[in-house]
Amino acid sequence: NMDIERVDAGLPPLDDLMTTLLWDRNHERPLCLELGELVTEAQNLFSAAGGNTEIALTSIIWYLAGNPHIVRRLRAELADALSPQTDPSALISYDLVKNLPYLRACIDEGLRLRPSIRGGLPRVVPKGGMMVSGEWLDEGTTVSVSTYTVHRDPDIFGADPERYIPERWLQPDARDMQRGFLAFSQGGRGCLGRNIAYFQMQLVIAALAWRYDFALREDGWELEVMETFSAHTVSLPVVVTRRE
């Protein structure tokens, strides 16, 4: 183990993603997780920060490419936020874009309409059965919540739930929509990669919208999905040009 060798040599552990699985927060005590736990946690981390984020980004870029008026509003927000960064060729600072409401709305609206995982994880009703939302469920019943379906409920997300409208997330009652927003699931078993996924999506979408023009090669082209556990997209053909 490279980290053990570094510590034995009087050097600090590597400060990378895997370090969080090997050491406590202060890098003082090894966690000593079993190999099976390490493999499972690593798989979760890289899946959450990789494959499912790739799916989400592809869908969001598809929506933006087909809605230039939304890109124009997003660029207006970015113009104000990025004004302190004087070097246009430098990497965009996360601190400048992490709290932009319309950028976040563009991302959440894409996640709402095309969540990377469309079906909820199955759960088994415990012994004795239980009442759920006014319905009695016998013990042993397998239950799940369809993210795809809930995200299209007009009682939660308002009018035109099939349309990509980031502005719905800027309304005064947008906080109420969070109760039905299941892109990362909810509660203590929610996606552990949520924060790093938002980190990546905010930086990538901000950089693309600010530095490039992109459009669909065919108007009205539909992005198809090959659904397994995750809703993998097909290739996205877009025309990309550098903005002056």
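Residues numbered from 1 in each chain as written. Predicted model: local features only at pLDDT ≥ 70, side-chain atom pairs only at ≥ 80, totals over all residues. Heavy atoms only, no water.

1. Let's talk about helix 6 (residues 101–113)
With 13 residues, helix 6 should cover 18 Å at 1.5 Å per step; its first-to-last C-alpha distance of 18 Å lies within 8% of that length. For helix 6, the buried fraction is high: 11 of the 13 residues fall into the buried class. Turning to helix 6, its buried residues number three or more, namely Tyr102, Leu103, Ala105, Cys106, Ile107, Asp108, Glu109, Gly110, Leu111, Arg112 and Leu113. (Helix = DSSP H or I, 4+ residues; strand = E, 2+ residues; numbered from the N terminus. Expected span 1.5 Å × (residues − 1). Buried < 20%, exposed > 50% of the residue type's maximum accessible area, 1.4 Å probe, protein only.)

2. Notes on the packing of helix 4 (residues 68–81) against helix 6
Taken N-terminus to C-terminus, the directions of helix 4 and helix 6 make an angle of 145°; their axes are 8 Å apart at the nearest point. Only Pro101, Tyr102, Leu103 and Cys106 of helix 6 make contact with helix 4, whose side of the interface consists of Ile70, Arg73, Leu74 and Glu77. When the residues that make up the contact of helix 4 with helix 6 are grouped by side-chain class, the tally is 6 nonpolar, no polar and 2 charged. (Axes fitted to C-alpha atoms, helices over the stretch in contact; angles between N-to-C directions. Contact = heavy atoms within 4.5 Å. Nonpolar A, V, L, I, M, F, W, Y, C, P; charged D, E, K, R; others polar.)

3. A few points about the nonpolar core
With 43 residues, the main nonpolar core has Leu64, Val97, Leu111 and Met201 as its most contacted residues. It is helix 3 (residues 35–65) that provides the largest number of residues to this core, a total of 8 residues. Apart from the residues within four sequence positions on either side, Val97 is in contact with Leu78, Leu82, Ile92, Leu103, Gln202, Leu203 and Ala206. (Core = buried A, V, L, I, M, F, W, Y, C linked by side-chain atoms within 4.5 Å.)

4. Considering the packing of helix 6 against helix 10 (residues 194–211)
Two elements in contact, helix 6 and helix 10, have axes separated by 10 Å at closest approach and are oriented at 115°. Judged by the sense of rotation from one axis to the other, the crossing of helix 6 with helix 10 is right-handed. Residue-level inspection shows Leu103, Arg104, Ile107, Asp108 and Leu111 of helix 6 in contact with helix 10, the latter providing Arg194, Tyr198, Met201, Gln202, Ile205 and Ala206. (Left-handed = near helix turned anticlockwise from the far one by under 90°.)

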